[in-house]
Each structure stands twice: as structure tokens, then as C-alpha cells.
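Below are the chains, spelled out letter by letter.
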Amino acid sequence: MYQSINNFIAEMASFAWGLPLLVLLIGGGIYLLIRIRFLPFLFFGHAIAVLRGRYDNEADDGEISHFQALTTALSSTIGMGNVAGVAVAIAIGGPGAVFWMWMSAVVGMSTKFFTATLAVLYRGNDDTGNVQGGPMYVIMEGLGKRWKFLAVFFSLCGLVGALPVFNVNQLTQALNDIILKPAGFYSGFESNLVVGIILAVITGVVILGGLSRISKTASKLVPAMVVLYLLMVMIILGSHISEVPKYVLLIFTDAFSVSFYKGDTFLGGVVGGLILLGIRRGAFSNEAGIGTAPMAHGAAKTNEPVREGLVAMLGPAIDTLLICTLTALAILVTGVWQTSEANGVSLTVTAFEAGIVGYGKYALMLCIAVFSISSLFSYSYYGTKCMSFLFGTKYQGYYNYMYLASIILGATTSLSMMINLIDTFFAMMAIPTMLSTLILAPKVIEATKKYIAKLKY
């Protein structure tokens, strides 16, 4: 009976992250991109200026700055997907999969622009009267109360989908494989429990301080971890500089290859399968259209919705176009993608070991730890937002304690059923997010035209 339920939930998770979701996310994103005629991309420089605080106004509504909103959103998206997900894509699909991850990021930038603009355009109020943003408020304020079932559906999915069991489980495994087992400190459940408790304490110190402390911590951690990761990859690329042009070219030429390097029985043999693989990994990495990032961007201190949309657009560019590309190049130039049978995070570890002999895997472990721990802060905020929408702000604190307990659970168990269940609910958050975004897209286009007209004068 247990095995049957487990298999059913596993299939449900696979379906949730399958072709229908990708059609909704990527197809919807392409539609939005065409509707707005690539307009936001022409204001990339302006987005940077907004991020740097040039247009900040303390009198505007909201809780956090543009920079803090972006780094809070990035702290949840930059994680194991950037380290392990890229490796999976290359192991199955070869260098060409990276090109389609890039295409996913371009589409994701458009989706993020629309969802974040709507998050400010249609802010609502919680039961204490404080201004709040996120897909549930967009649905209520933009579509009306008759659509409340979609807002409730999103929030219910968010309560489960925001739990960090999967992320903590993967981080614990990486710590065991890279640090504890080689050092002889691994003792099974006991050492996993210690890791879980340490992670719960670190997370608790930050998240119990509310959004202000989460955003301030993220605004320091995220830039630091991106710079550290960039430096490590630069060292690897520098020692393999002659290989870089060849593999950059191969990413483009291999994108239309008719066969995979390590032919997957399900996807192998067709260009369409390679496209699907790259897009899926990119979508999983930058989470555009899922609805998490708009909850952070909706709290930005601004009265210009389009301005926050432009800032949010930078997220997939940093997450996928920069971080994922760095990971891919490190794996490709070291040659481990052809010489190693490792997959996922193990392949990335092998690449860093080969590229930075002696301490490469430990430096990578530091990045993985910072990536993963910072994401624990943001997801707790998303969960509490969903809790307060459903049950009122006085109950949101209870979610934090449930969240901290799930960290210990994720570190000490390999409950595939729970991990698949959380994965499923996380994916289902995209349904109300994308539906409301597609319906309200004309409002964003109208607001964008007005904002651009104001910039010209």
C-alpha cells in the first residue's frame, strides 16, 4: 500500500514538472514576449540604474529596496538547480542543452517582468492593513473576488511547496559526500541530525526576524556568493583558456544536434528532446512563472510597478545566463562531462576537483552551502505570506516553526514521498500565477507604455 502511494506521488511529481507545465511556462512566456514586443529588453540599462538606487524614494509604499527585493528573490532561485541541474542537462544532452537553457532564461525574463509588475500594480492589504504583494493579491485585486478560489489554491500549494525538505536533503547529502565521509565523521542518522539542527538554528535566527532581516541578510549573501563562484570558475577557465572558444562554439552548434551524447532512452534521438531538456532545466532553475519571486518584488518600496518589473527581469539573467553558464563552462572545459560517469552535483564536484586541484571541491562545497542556506531564508517568507493570506497574520508565526521542523526532517530522512509531494505542489503554484498573468497582461502593457512615455520627458 505504502509503495503504491509512493509510486503514485512520484508519477504525480513527474507529470507536474512535465510537458504541460513547460507549455504553460514557456508557451505563456513567449506569448508575453511577443505581446510586449521585447520592449523591456531595451531598458536593461535603466533597470540597472533602478537597482543601484537611483530612483529610490523612502516615501513610496513597500518594505524593502529594489536591490533587497531582487536579492531576496535570487536567494531562492540560485541554488542546487544552478550546480546540479546544469550538470544533469549536460550529462544527458551534451553542450547543446545549455543553449536551450539560455532561451528559457530569455523567456523567463519576460515572465518575471510581467509577474513582478503585476505584484506592485495589484497590491492588496492583509488583515492588519499592511500592503502586501504576490500572486494571491494580484488575483484578488486584479481579477476580483470571484477568482478567489485561484488565490486560495496558490496559497495552499505555497504552504507545502515552500517547505525546504528537498533543498535540505540535497545539501545534507553534499556535506556527507564532500566533507564528512572523507574525513571519517559520518555516522548516519546522528551526523545528519546535527547538520539539520545547525541549519535550523541558522535559519531560525534569520527568519524569525521577519522580512527586514531576511532581505538584509540576502542582500549581503547573494552578491558575495555570486562573486565567489565567479572567481572560482575564472580560475578553472583560466587554466583551460585554450578550450573555452571551442566549447562556447560547441554550445551553439550542438544545440541543433540530432543525437544526445549520452543518449537518454526517453529523450534521445530528436532535437525536440534536447530543446525540452534545456528548457526544463532552465525553468526549474530560475522559477519564472512559479509565483515565488513576485511575493518578494511585491514588497519593494516603489509606486512604479513597471520599475520593479524591470528589476525582476534581471533575475533570470543573473541566475541562468550567468551562474548556469559558469557551471556549464567549468564542466565542459575540464572534459569531465565526457570522461566521468558522475551525474548531478557529483559531476560538478568532479569538474571543480579537476579544475582547482586540492581544494576545488571544498570551495564548491562552500558555495553550495551558501546557495542552499540563503534559499532557506526566502522560502520561509513565501510560506508565511501564504499562511497569513489564508488564516490571518496572527498565525503566520506558526508556519516558521513548522518550517524549521521540516529542515530537521529533510536532513535526517530520505522520504522520497514527501519530497515528491512538495515538488508537485511547488509546480502547481504556476497554474494560478500564469493564468492571472496572461489574463492581466494588457494592464502591464498599458502601464509599460505610460512609464516609457514619462521617461522620455
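Each chain carries its own residue numbering, running from 1 in the direction its sequence is written. Predicted model: local features are reported for residues with pLDDT of at least 70 only, side-chain atom pairs are reported and counted for 80 or more only, and whole-chain, interface and lining totals are derived from all residues. Hydrogens and water are ignored here; the side-chain numbers use all heavy atoms of the structure.

Q: So what's going on with the overall build of the protein? Which residues, and what values?
A: Per the convention used, a helix needs a DSSP run of H or I reaching at least four residues, while a strand needs a run of E reaching at least two, with both numbered from the N terminus. Per the secondary structure count, the protein includes 21 helices and two strands. Relative to a compact globule of 457 residues, whose C-alpha radius of gyration would be 23 Å, the protein shows 21 Å and is just as compact. On the principal axes, the C-alpha backbone points of the protein span a range of 55 × 50 × 45 Å. For the protein, buried positions account for 60% of its 457 residues. Contacts were defined at the residue level, with two residues in contact if any of their heavy atoms lie within 4.5 Å. When contacts within the protein are restricted to residue pairs at least 6 apart in sequence, those whose partners lie at least 24 apart make up 83%. Surface exposure here means Shrake-Rupley accessible area, sampled with a 1.4 Å probe, where a residue is shielded only by the protein chains that are shown. Accessible surface, the protein as shown: approximately 18200 Å² in total, 66% of it carbon and sulfur. Residues scored as charged are limited to Lys and Arg (positive) and Asp and Glu (negative), so that His and the chain ends carry no count. To locate a charge, take NZ of a lysine, CZ of an arginine, CG of an aspartate or CD of a glutamate. A distance of 8 Å separates the average location of the 27 positive side-chain charges in the protein from that of its 22 negative side-chain charges. Values of the radius of gyration come from C-alpha atoms, whereas the globule rule sets the reference at 2.2 Å times the count of residues to the power 0.38. Per-residue accessibility, obtained with a 1.4 Å probe over protein chains only, is compared with the maximum for each type, and a residue is labelled buried under 20%, exposed over 50%, and partly exposed between these values.

Q: Outline the environment of Leu435, supporting the account with residue identities and numerical values.
A: Looking at the secondary structure, you find Leu435 in helix α21 (residues 430-455). C-alpha of Leu435 to C-alpha of Gly28: the two residues are 407 residues apart in sequence and 8.8 Å apart in space.

Q: Provide a residue-level description of the packing of aromatic side chains, including the pertinent values.
A: By convention, a stacked pair of Phe, Tyr or Trp rings (six-membered ring in the case of Trp) has centres within 6.5 Å and planes under 30 degrees apart, an edge-to-face pair has planes over 60 apart, and any other such pair is tilted. One pass over the full model with this rule turns up 16 aromatic pairs. Note on Phe113 and Phe114: the rings are 5.7 Å apart at their centroids and 90° apart in plane angle, and the pair reads as edge-to-face. In this pair, the class of Phe113 matches that of Phe114, namely buried. A ring is scored as having a charge over it whenever the NZ atom of a lysine or the CZ atom of an arginine sits within 6 Å of its centre and within 35 degrees of its normal. Lying over the aromatic face of Tyr186, Lys181 brings its terminal NZ or CZ to 4.9 Å of the ring centre.

Q: Which residues make up helix α7 (residues 135-143), and what are the values?
A: A large share of α7 lies buried, amounting to seven of its nine residues. Positive phi shows up at Gly144, right after α7, with a value of about 100°.

Q: Explain unusual backbone geometry to me, using residue names and the numbers behind them.
A: For Arg37, which is not glycine, the phi torsion reads 55° and is therefore positive. Along the chain, Arg37 turns up in the loop between α2 (19-35) and α3 (44-51).

Q: Got a sec to walk through a nonpolar patch on the surface? Specific residues and values, please.
A: A cluster of nonpolar side chains, Ile179, Ile235, Tyr359 and Tyr362, forms an exposed patch at the surface whose accessible area comes to about 380 Å². On the secondary structure map, Ile235 appears in helix α11 (residues 210-239). According to the relative accessible area criterion, Ile235 is partly exposed, its value standing at 43%. For patches, a residue must show more than 30% relative accessible area and have no salt bridge; joins then use 9 Å for like charges and 5 Å for nonpolar side chains, namely Val, Leu, Ile, Met, Phe, Trp and Tyr. Salt bridge criterion: a side-chain nitrogen from Lys or Arg within 4 Å of a carboxyl oxygen from Asp or Glu.

Q: For the environment of Gly309, give the residues involved together with the corresponding values.
A: Position of Gly309 relative to the elements: it lies in helix α15 (residues 305-333). A C-alpha to C-alpha distance of 8.8 Å links Gly309 and Ala47, two positions 262 residues apart in sequence. Every residue in contact with Gly309, bar those within four places of it in the chain, is listed here: Lys112, Phe113, Ala116 and Thr117.

By themselves, these observations are geometric and do not establish any function.
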